[in-house]
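Below, each chain spelled out in residue letters.
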Amino acid sequence: MTEQLRTAVIGVGHLGREHARIYSSLPNSELIAVCDTNESTGREIAERYSVRFVSDYRELIGQVDAVSVVTPTVSHHDVALDFLQAGTGVLVEKPIARTLDEADAMINAAEKSGAILQVGHIERFNPAFQSLQKVITRPLFFEVHRMGIFTPRSLDIDVVMDLMVHELDIIAELVPSEVTKIHAVGIPILTRKIDLANARLEFADGCVANITASRVSGERLRKLRLFQPHQYYSLDYAEQQVAMCKLMPPVSGALQPEIVADYLPVNKREPLLAEIESFVNAVREKTTPVVSGSDGRRALKLAHDVLTRIKEHSQLAGINLSFD
Ligand code: NAD
């Protein structure tokens, strides 16, 4: 395909307007429309990029080659499915959907029509993660923190589906082994859903991942630390930085191994731009996207498993998490 892809963004709130900015700037994409059920939001962004505004995404079916679905999670399935059935490429924000049945329907629709389905697990496009990924050999232990300051967005889902799902995707991508056990705790704080959660995942190959996610934190933090034999890495997603310590074999005569501390080389760039560029290329070249529908389903399944453990834990401990 040599000509520009006709693109549109469905949902131009906090994140969707960033998708619109990027589609309108890419040489191989022509942003032709934005859609939002909130007319003033949608019109503002449409005017900014001199494109058409629609309040009903169905008006765009058959008129575009690729769309980003950046609406709240509750509507991911319904919006994405209509485009996928029409053969339109879809980049759906994370989490892929609310339920595994919805995710399966989306994956099946994409397979049937041949449409590309990519899921917005943006940290895969963080250049710091991409540098880390190159040096992973045998991860044994992860300590991960994803802490956000409270905003009134994404309250249709809990913190496990909203924030922890990023880390579940990253860890599932790095550990080539099945999860065998999950321990998890979580509590609602400012909403009626889980706002703060901790999960410990154990893998068949012996790896352990400890993940804390909060959307009611006083500070923003997105850090992943990991050990593998003779190596420690500390990744800061926001700074796009990976610090490392390596144990080198003792040089002749020395009693202790040498500790080498350094940073991995990282080519810093905007992860959302890299994600959308990669999606546009996958649609144009009809190649498997970096984050496929089944990757999105894998992360969603882990999120559901964590939530099940949280419920079981609160029942066992006799804690009533409900306000009802
Ligand atoms: P938001 O509430 O700011 O924006 C959502 C927009 O969608 C609103 O303008 C709303 O009017 C519109 N909308 C709702 N239903 C619609 C429909 N059926 N058709 C058209 N428009 C509709 O939310 P947000 O923070 O931008 O989050 C949107 C999505 O992006 C969520 O799925 C969220 O999980 C995801 N997200 C991902 C990341 C990331 O790091 N990848 C970060 C933030 C949000």
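Residues numbered from 1 in each chain as written. Predicted model: local features only at pLDDT ≥ 70, side-chain atom pairs only at ≥ 80, totals over all residues. Heavy atoms only, no water.

1. Re the domain arrangement of the protein chain
- Each assigned domain of the protein chain is listed here: domain 1 (5-120 + 272-291) and domain 2 (124-269 + 303-317).
- A separation of 28 Å is found between the C-alpha centroids of domain 1 and domain 2.
- If you look at the interface, domain 1 gives 17 residues, while domain 2 gives eleven residues.
- Buried surface at the junction of domain 1 and domain 2, both sides included, amounts to about 1200 Å², of which 64% is carbon and sulfur.
- Linking domain 1 to domain 2 there are two salt bridges.
- The shortest N-O distance in the salt bridge between E277 and R269 comes to 3.3 Å.
- For the pair domain 1 and domain 2, the number of links is seven residue pairs in polar contact (both at pLDDT 80 or more).
- The greatest single-element share of the side of domain 1 that touches domain 2, amounting to five residues, is contributed by helix 7 (residues 271-285).
- Looking at the side of domain 1 that touches domain 2 residue by residue, the class counts come to eight nonpolar, five polar and four charged. (Domains from an automatic or database assignment. Contact = heavy atoms within 4.5 Å. Buried area = accessible area lost by both parts, 1.4 Å probe. Salt bridge = Lys/Arg side-chain N within 4 Å of Asp/Glu carboxyl O. Polar contact = N/O pair within 3.5 Å; in protein donor to acceptor, adjacent residues only side chain to side chain. Helix = DSSP H or I, 4+ residues; strand = E, 2+ residues; numbered from the N terminus. Nonpolar A, V, L, I, M, F, W, Y, C, P; charged D, E, K, R; others polar.)

2. Let's talk about the environment of R58
- Structurally, the position occupied by R58 is in the loop between strand 3 (52-54) and strand 4 (66-69).
- A residue is classified by how much of its surface remains accessible, and R58, at 51% relative accessible area, is exposed.
- On a C-alpha basis, the gap between R58 and F83 in space is 8.4 Å, while along the polypeptide they are 25 residues apart.
- At 2.9 Å, the side chain of R58 forms a polar contact with the side chain of D56. (Buried < 20%, exposed > 50% of the residue type's maximum accessible area, 1.4 Å probe, protein only.)

3. Some points on the site of the ligand
- Neighbouring residues of the ligand: 21 residues in total, closest H14, L15, D36, H76 and K94.
- For the ligand, an oxygen atom lies 2.9 Å from a polar atom in the backbone of L15.
- At a separation of 3.2 Å, an oxygen atom of the ligand approaches a polar side-chain atom of R153.
- For the ligand, the accessible surface in isolation is 850 Å², of which the surrounding protein chains cover 80%.
- The residue inventory of the shell around the ligand, partitioned by class, reads six nonpolar, eleven polar and four charged.
- Per-domain counts for the shell around the ligand show at least three residues from each of domain 1 (5-120 + 272-291) and domain 2 (124-269 + 303-317). (Near = heavy atom within 4 Å. Areas by Shrake-Rupley, 256 points an atom, 1.4 Å probe, with all protein chains shown as cover.)

4. Things to note about the pairing of strand 12 (residues 231-236)
- A large share of strand 12 lies buried, amounting to five of its six residues.
- Direction of pairing for strand 11 (residues 221-228) relative to strand 12: antiparallel, over a ladder of six bridges. Directly across from F227, in strand 12, lies its bridge partner Y232.
- The pairing of strand 12 with strand 13 (residues 241-248) spans six bridges and is antiparallel. (Pairing = 2+ DSSP bridges.)

5. A look at a nonpolar patch on the surface
- Together, F150, L155, I187, I189 and L190 line one region of the surface with nonpolar side chains, adding up to about 400 Å² of accessible area.
- With respect to the secondary-structure elements, I189 resides in the loop between strand 8 (179-187) and strand 9 (196-203).
- For I189, a relative accessible area of 40% corresponds to the partly exposed category. (Patch = residues over 30% accessible without salt bridge, like charges linked within 9 Å, V, L, I, M, F, W, Y side chains within 5 Å.)

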